[in-house]
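Letter by letter, the chains look like this.
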Amino acid sequence: MTGSQNSGGSAGGGSSNPPRDPESPRATGNPGDAASSSGPGDSNKSTLQHGGRFAAARPLGRGGSRRGINPLAVIVVAFVAGAAITIALAVKFWGATPPVAQGQLEASARVAPVTSAGNEPMGAATGDLAPVPKIELDVPVPSRAGAVLTTGPLVPAAWRSVQGVTVPPPPRELRGAWVATVANIDWPSKPGLPKDQQVEEIRKIIDSAKAAGLNALFLQIRPSCDSMYPSQLEPWSEFLTGVSGVGPGYDPLATWIELSHAQAIELHAWFNPFRSRHFEAKGPDAANHVNNTMPDIVHQYDVYKWMDPGSKKGQAWALEVVGDVLARYDIDGVHLDDYFYPYPKDKKPFPDSATYGAYTKGGGELTLGDWRRERINTFVANLYATCKQIRPYAKVGISPFGIWRPGHPKGVEGFDAYDNLYADALAWLKARTLDYCSPQLYWAIDAPKQPYGPLLDWWVAQAGGISVIPGIYSSRLDPAVKKWTADEIVNQVMLTRGREGTGGVIHFSMKAVQK
């Protein structure tokens with residue numbers, strides 16, 4: 001999500017600069033419109049939900065009945081059983097019962113989240129924290145790679161007609177919102193709130209999401225190499241308690257998961273892999289923060305601190321953090337945004353000459369740009385493999401900047417994420433190291449240089465069957481931010497629904513949904 005110094009695209013003409021950082025308090029707002037998030041007759045099932053597996057039906061026996069068994073009774077029992085199956089399938093697939101949150105479908109694989117008093121400065125041992133899994137670099141992507149989010153019927157073909165009754169495919173879409181914690185954009189409303197007030201804010205957000213028809217939330221749990229949950233690896237976030245390394249007295253992530261799942265809403269963990277300090281942070285970082293423990297791979301760039309994305313040490317650390325969460329929490333997915341390398345400021349180079357120099361001295365021949373993209377591609381592949389090894393049913397998704405490169409599709413102008421962020425989303429789609437892709441399409445339908453519809457169609461065409469779930473900038477409904485009407489968001493939602501290969505939308509951000 002774009003650098004704080006960049007201007008947002010205009011509602012009509014669109015700017016050649018990227019829209020402002022949806023995480024930044026200087027951003028042009030925060031989205032989510034209840035009317036655009038749901039529609040009459042829509043199932044509340046999420047595109048990311050798992051379908052249950054069905055055991056093969058045992059065929060009826062042939063020939064005459066055995067001695068002592070009344071053939072008429074067999075026929076009656078078979079008829080009753082068939083009717084029961086028909087009713088059960090109709091209930092399940094016509095949505096007569098509330099959908100079950102994805103994590104609840106894998107009860108046998110669930111890992112109970114830890115609880116912690118959370119008041120001690122992190123770095124001290126916490127007895128109830130499970131051992132952190134060690135993640136190896138460059139692990140091969142498992143055979144599940146490229147698993148595509150299902151947008152069609154979950155019912156196996158053999159089960160779609162039972163006793164002459166055809167079960168229609170259920171409507172399926174993800175209706176999500178980002179919940180940004182950096183700079184207290186969405187939650188908590190300010191640092192240092194008492195536990196009860198923080199939990200009450202969680203309940204209100206989830207209730208608002210349910211009322212708006214949303215079925216997935218994307219919670220930012222690692223805004224700047226810190227945590228919104230008890231961790232042996234990284235300190236508590238300053239944006240949670242006001243002091244880096246000091247906990248709130250409970251486990252916020254476990255609370256979010258429990259309350260979301262109780263409302264049949266998925267909870268996806270949103271990580272920022274390399275940013276290590278945001279410009280809105282006020283106090284010093286805790287002693288066990290990477291800015292203090294790994295200064296050799298942390299660089300100051302503009303108003304941020306950043307772990308070197310090309311560093312194997314930095315990538316291994318980020319993977320270990322993600323693996324820890326996957327092992328301990330019943331999250332429904334792992335989510336990244338557009339922050340890989342930082343958005344450039346005044347054409348100043350990112351200071352990774354030592355890392356790149358070590359690569360060339362070792363015989364590497366890639367140009368600096370190609371090497372940076374290769375490092376990010378490697379990280380994405382390892383992230384996908386890590387998730388599938390630890391929690392196979394959790395989905396992995398990335399929300400890249402909405403323009404891959406200017407001229408794609410023809411006539412599109414604007415920021416070049418390929419050259420400036422070294423984010424090659426097409427490479428991830430081709431390698432199938434994503435379960436879904438959420439390009440940030442933060443422009444109006446009629447924007448002449450960044451039109452919503454053609455951009456969406458272009459992403460779908462590149463995805464090769466992987467679901468495209470665009471991010472939309474609903475925050476521009478706020479009159480203080482940008483002059484969009486509700487019709488713009490509704491029309492974007494409806495346009496997306498009409499495209500094959502899409503799987504819903506994600507609103508930035510939850511704050512606007514609550515208004």
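Trainee: Explanation requested: the overall build of the protein chain in the structure shown.
Mentor: Regarding its fold elements, the protein chain presents 14 helices and 14 strands. Among the 515 residues that make up the protein chain, the fraction classed as buried is 57%. Put simply, 78% of the contacts in the protein chain that link residues at least 6 apart link residues at least 24 apart. Surface summary for the protein chain: the accessible area is close to 20,500 Å², and the carbon and sulfur share equals 55%.

Trainee: Would you mind going over the confidence of the model for the protein chain with me for this structure?
Mentor: Interpretation of this model should avoid reading the predicted coordinates in detail wherever pLDDT is low. Of all residues in the protein chain, 67% attain a pLDDT of 70 or more, and the chain-wide mean is 77. Note that residues 24–69 has pLDDT below 50 and, in this model, 134 contacts with residues that lie over four places away or in other chains. Below pLDDT 50 for its whole length, residues 83–128 participates in 108 contacts with residues either more than four positions away or in separate chains.

Trainee: Just checking my understanding: could you explain the nonpolar core for this structure?
Mentor: Considering soluble globular proteins, one finds that nonpolar side chains tend to be buried as a cluster. Formed by 120 residues in total, the largest nonpolar core has its most connected members in Leu217 and Trp256. If sequence neighbours within four positions are ignored, Leu217 has contacts with Ala177, Val179, Ile206, Ala209, Trp256, Ser260, Ile265, Glu266, Leu267, His268 and Met510.

Trainee: Would you mind showing me how to read the sheet that holds strand β6 (residues 275–277) here?
Mentor: As a general point, the strands of a sheet are linked pairwise by backbone hydrogen bonds and lie either parallel or antiparallel. Taken together, three strands build an open sheet; the order of strands is β6-β8-β7 and the sheet is antiparallel. Sheet topology places β6 and β7 (298–301) at the edges, where each strand pairs with a single neighbour. Mean inter-strand twist for the sheet, computed between neighbouring axes without regard to direction, equals 40 degrees.

Trainee: Help me understand the sheet that holds strand β13 (residues 471–472), please; the structure alone is not making it clear to me.
Mentor: Strand order in the open sheet formed by nine strands is β12-β11-β10-β9-β5-β4-β3-β14-β13, with parallel pairing between adjacent strands. Of all strands in the sheet, those bounded by a partner on one side alone are β12 (467–468) and β13. The sheet contacts of helix α9 (residues 368–390) involve β9 (333–336) and β10 (395–398), and relative to β10 the element is tilted by about 155 degrees. Helix-sheet contacts for helix α13 (residues 486–497) involve β3 (174–179), β13 and β14 (504–507), and the interaxial angle to β14 is about 150 degrees.

Trainee: Looking at this model, I keep getting lost on the packing of aromatic side chains. Mind explaining?
Mentor: If you walk through the whole model with that rule in mind, you get 23 aromatic pairs. Linked through ring pairs, Phe279, Tyr304, Trp306, Tyr339, Tyr343, Phe401, Phe415 and Trp443 together constitute an aromatic cluster. Positioned over the ring face of Trp484 is Arg476, at 5.3 Å from the centre of the ring.

Trainee: Honestly, the pairing of strand β4 (residues 216–222) in this entry has me stumped. Any pointers?
Mentor: For a regular strand, side chains alternate in direction, first toward one face of the sheet and then toward the other. Burial within β4 is extensive, with seven of its seven residues counted as buried. Of the strand pairs in this sheet, β3 and β4 are connected by four bridges, and their pairing is parallel. Counterpart to Gly176 in the pairing with β4 is Ala216. Taking the sense of rotation as the criterion, the β-α-β connection linking β3, helix α3 (residues 195–211) and β4 turns out right-handed. Two elements, β4 and strand β5 (residues 266–271), share six bridges in a ladder whose sense is parallel. Each bridged residue has a counterpart across the sheet, and for Ala216 the counterpart in β5 is Glu266.

Trainee: Any chance you could explain the pattern of salt bridges here in plain terms?
Mentor: Side chains bearing opposite charge may pair, as long as their charged atoms lie close to each other. A complete count under the given rule lists 16 salt bridges for this structure. Of the charged contacts, one joins Arg405 and Asp416 as a salt bridge, the two residues approaching to 3.0 Å between their closest N and O atoms. You can see Arg405 sitting in the loop between β10 and α10 (417–420) and its partner Asp416 sitting in the loop between β10 and α10, a full eleven residues away along the chain. A relative accessible area of 25% means that Arg405 is categorised as partly exposed.

Trainee: Explain unusual backbone geometry here, please?
Mentor: The phi angle of most residues is negative, glycine excepted, and most peptide bonds adopt the trans form. Across the junction of Trp187 and Pro188, the peptide omega takes the value -20 degrees, indicating a cis bond. In this structure, Pro188 sits in the loop between β3 and α3. Of note, the amide linkage connecting Phe508 to Ser509 takes the cis form, showing an omega dihedral of -5 degrees. Tracing the backbone shows Ser509 in the loop between β14 and α14 (510–514).

Trainee: Help me understand helix α12 (residues 452–463) in this model?
Mentor: Because each turn of an α-helix spans 3.6 residues, side chains separated by three or four positions end up pointing in the same direction. Taking 1.5 Å of rise per residue, twelve residues should cover 16 Å, and α12 covers 17 Å from first to last C-alpha, within 8% of that figure. Those residues of α12 that fall on the buried side of the exposure criterion are Tyr452, Gly453, Leu455, Leu456, Trp458, Trp459, Val460 and Ala463. For α12, the secondary structure elements touched by its buried residues are α11 (425–431), β11 (436–437), β12, β13 and α13. One or two positions beyond α12, positive phi appears at Gly464, with a value near 60 degrees.

Trainee: Help me out: how do you make sense of the environment of Gln440 in this one?
Mentor: Tracing the backbone through its elements, the reader meets Gln440 in the loop between β11 and α12. For the pair Gln440 and Ser399, spaced 41 residues apart in sequence, the C-alpha separation works out to 6.2 Å. From its side chain, Gln440 meets the backbone oxygen of Ser399 in a polar contact 2.9 Å long.

Trainee: Explanation requested: the packing of α12 against α13 in the structure shown.
Mentor: To describe two helices that pack against each other, one gives the angle between their axes and the distance between the axes. Two elements in contact, α12 and α13, have axes separated by 11 Å at closest approach and are oriented at 30 degrees. Crossing handedness for the pair α12 and α13: right-handed. On the side of α12, the interface is formed by Tyr452, Gly453 and Leu456, while α13 contributes Gln492, Leu495 and Thr496. By residue class, the composition of the contact of α12 with α13 is three nonpolar, three polar and no charged.

Conventions and cut-offs
- For every chain, the first residue of the written sequence is number 1, and numbering continues from 1 along that sequence.
- The predicted origin of the model limits local features to residues at a pLDDT of at least 70 and limits the giving and counting of side-chain atom pairs to 80 or more, whereas totals for whole chains, interfaces and linings rest on all residues.
- Water and hydrogen atoms play no part in the side-chain values, which are based on all heavy atoms of the structure.
- A helix here means a DSSP run of H or I that spans at least four residues, while a strand means a run of E at least two residues long, and both kinds are numbered starting from the N terminus.
- Note on classification: 1.4 Å probe, protein chains only; a residue is buried when its accessible area is under 20% of the maximum for its type, exposed when over 50%, partly exposed between these limits.
- By definition in these notes, contact holds between two residues if any of their heavy atoms fall within 4.5 Å.
- The protein chains shown are the only cover counted for residues, whose accessible areas, like all others here, come from Shrake-Rupley with a 1.4 Å probe.
- What pLDDT conveys is the predictor's confidence in a given residue, as a value from 0 to 100.
- The nonpolar core is taken to be a set of buried Ala, Val, Leu, Ile, Met, Phe, Trp, Tyr and Cys residues, with the residues joined through side-chain atoms within 4.5 Å.
- A pair of strands is labelled paired if DSSP reports no fewer than 2 bridges between them.
- Geometry is summarised by axes, namely lines fitted to C-alpha atoms with helices restricted to the contacting stretch, and by angles between N-to-C directions that run from 0 to 180 degrees.
- The criterion for an aromatic pair is that two Phe, Tyr or Trp rings (for Trp, the six-membered ring) have centres within 6.5 Å, with stacked assigned to planes under 30 degrees apart, edge-to-face to planes over 60 apart and tilted to the rest.
- The criterion is that NZ of a Lys, or CZ of an Arg, lies within 6 Å of the ring centre and within 35 degrees of the ring normal, and then a charge sits over that ring.
- By convention, orient the strands away from the viewer: a clockwise path from the first strand over the helix to the second makes the crossover right-handed.
- The term salt bridge refers to a pairing of a side-chain nitrogen on Lys or Arg with a carboxyl oxygen on Asp or Glu at a separation within 4 Å.
- Given a helix with a known number of residues, its expected span is that number minus one, times 1.5 Å.
- Pairs of N or O atoms are called polar contacts if they sit within 3.5 Å, as long as, within protein, a hydrogen donor faces a hydrogen acceptor (for residues adjacent in sequence, only side-chain-to-side-chain pairs).
- Less than a right angle of anticlockwise turn of the near helix away from the far helix marks a crossing as left-handed, whereas a clockwise turn marks it as right-handed.
- In this classification, Asp, Glu, Lys and Arg are treated as charged, Ala, Val, Leu, Ile, Met, Phe, Trp, Tyr, Cys and Pro as nonpolar, and every other residue, Gly included, as polar.

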